[in-house]
Each structure stands twice: as C-alpha cells, then as structure tokens.
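# Report on the structure
The primary structure of each chain is shown beneath.
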Amino acid sequence: SAEPALHAAGLSPSTFGVLTIMPQLSAMLLPGLWGEAFERNAYLALALAPSGLFIGQCVLTVALMNQDAQPSPLLTGTLVAGICIFAVSRAGLPVVQQACLARALPTRLVGAFAASVGATHAVGALSQLATPPLVHAYGLVGSQFLLLPLALLGLSAAILIIRRGLPPPPPPPPPPTP
C-alpha cells in the first residue's frame, strides 16, 4: 500500500482517503455531467477531457517530484489537486469518446463500440502488466514521466478531431405513429 509512504510525506489519513475514493466517485457520478457538457458544447468537452487528464498528470508529477521536501499544505494540496483534476477528466474521456463515435459512425455503431471497449480493455490490461515493473525500475516520478507522452497523444488526437470538425448530431427520431 502507498499509505505509509504518503503518511511519511505528510499526508493525513483523511487526505489519503480522499485520494483513494476520488477516482471511484468521479467514475460513478460525473459521466452524466460530461454527457450534458458534450450535448451543450461538444468541442469544449472534447478539449477539456484530455486537457484535464494531461494537466492533472503534470500537477501530480510535480507533487511527486517534491515528495522528499518538507511536508506542507501546499505539497498536499498539489497532490490532491492533481489526482482530482485527473479523476474528473478521466471520468469524461469514455463519454466523449463514445459520443464522438456515435457522431462519426451513425451506422454500425455496435461494432464500433465493441472495438472501442475491446481496445480500452487491452490498454488497461497492458497498463496493469507494465506499471509494476516501470514503478520498480523508475519509481513513481519516472513512471509519471513515462505516462505524460500518452496523455499528450490523447490531447493531440482531440486537437486533430477539433480541427477536422465533428459531424453534426443525428436528427431526432420521428414521433411515434398512433
């Protein structure tokens, strides 16, 4: 568990609790808000989700780089802010991804969703396999630095989609016939 190391770095048990629960709470509570954001302004949601992920990872990396410094509220706040920004943005990524797929592929959507879910699970499995050796070899800070280009790649993909333009939303279905 990371709790003893974080406690030694000045993190209180309640702060550790927030850090532990934030990703799960975000994943449960925020997809609906991200969907609403996409409906209101698809381009803004498409820009914010990967941007927040990248910014959250940068803030988290800065906090981890300073973990050997004297414990302080600023360091704790930086760590909490990084994880919260990351978690909130991470909750929006699948929503934005699926909404973009639905607009780009109005037909054969089930196959596209299946491929998207399969690719997401494959990346998750590879991450689970690769993370322990990376942390062992490079530490938490080095691992974060290795993950930053992936977040930047996602942000770059979003920028390309924004520049290219999203297809318009599909027309509403016709009213039911009596």
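Fair warning: this is a prediction, and the values are worked out from it, not measured in the lab.

The rules behind these values
Residues numbered from 1 in each chain as written. Predicted model: local features only at pLDDT ≥ 70, side-chain atom pairs only at ≥ 80, totals over all residues. Heavy atoms only, no water. Helix = DSSP H or I, 4+ residues; strand = E, 2+ residues; numbered from the N terminus. Buried < 20%, exposed > 50% of the residue type's maximum accessible area, 1.4 Å probe, protein only. Axes fitted to C-alpha atoms, helices over the stretch in contact; angles between N-to-C directions. Parallel < 35°, antiparallel > 145°, perpendicular 65-115°, else oblique. Left-handed = near helix turned anticlockwise from the far one by under 90°. Contact = heavy atoms within 4.5 Å. Expected span 1.5 Å × (residues − 1). Bend = angle between axes of the 7 residues up to and from the residue. Salt bridge = Lys/Arg side-chain N within 4 Å of Asp/Glu carboxyl O. Core = buried A, V, L, I, M, F, W, Y, C linked by side-chain atoms within 4.5 Å. Polar contact = N/O pair within 3.5 Å; in protein donor to acceptor, adjacent residues only side chain to side chain.

Check the secondary structure of the protein and you find 6 helices and 0 strands. Of the regular secondary structure in the protein, the N- to C-terminal order runs α-α-α-α-α-α. Counting across all 178 residues of the protein, residues that qualify as buried make up 29%.

Bringing the packing of helix α5 (residues 73–104) against helix α6 (residues 109–164) into the picture now. It is the contact of α5 with α6, at a shortest axis distance of 10 Å, that shows an interaxial angle of 150°. Judged by the angle between their axes, α5 and α6 are roughly antiparallel. Pair α5 / α6 crosses with right-handed handedness. Between α5 and α6, the residues in contact are Q97, Q98, L101 and A102 and L109, A112, F113, S116 and T120, respectively.

Time to look at helix α2 (residues 13–29). Under the 1.5 Å per step criterion, the end-to-end length of α2 is 23 Å for 17 residues, consistent within 8% with the ideal 24 Å. Along its length, α2 reaches its greatest deviation from straightness, about 40°, at I21, and the proline P23 lies no more than four positions downstream. Within the span of α2, buried status applies to T15, F16, L19, M22 and S26.

In this structure the tally under the stated criterion is 1 salt bridge. Two residues, E36 and R40, come together in a salt bridge whose shortest N-O distance is 2.9 Å. Here R40 and E36 lie together in helix α3 (residues 31–40), a separation of 4 residues that amounts to about one turn. Of the residues examined, E36 reaches a relative accessible area of 39% and is grouped as partly exposed.

On to the nonpolar core, then. Counting residues in each nonpolar core, the largest one holds 14 residues, and the members touching the most others are W34, F38, A45, L46, V96, C100 and L166. Counting residues per element, the ones that place at least two in this core are α3, α4 (42–65) and α5. When residues of this core are assigned to their parent elements, the largest contribution, 5 residues, is made by α5. Here C100 is in contact with F38, L46 and L166, once residues within four sequence places are set aside. Counting residues in hydrophobic clusters, the runner-up holds 8 residues, among them L19, L60, L75 and L79.

Our focus in this paragraph is the environment of P31. Mapped onto the fold, P31 is located in helix α3. Its relative accessible area of 27% is what places P31 among the partly exposed residues. Sequence spacing of P31 and R90 is 59 residues, and the spatial spacing of their C-alpha atoms is 9.6 Å. Setting aside anything within four residues of it in sequence, one finds P31 in contact with S26, A91 and V95.

Here we take up the environment of L155. Counting through the fold element by element, L155 comes out in helix α6. A residue is classified by how much of its surface remains accessible, and L155, at 15% relative accessible area, is buried. In this structure the C-alpha to C-alpha distance between L155 and P73, which are 82 residues apart in sequence, comes to 30 Å. Once residues lying within four places of it in the same chain are set aside, the contact partners of L155 are A47, P50, S51 and F54.

What follows is about the environment of T61. Along the chain, the position of T61 falls in helix α4. Note on T61: relative accessible area 2%, which makes it buried. Excluding its chain neighbours within four sequence positions, the residues that come into contact with T61 are Q144, F145 and L148. Among the polar contacts made by the side chain of T61, one reaches the main-chain carbonyl oxygen of Q57 at a distance of 2.7 Å.

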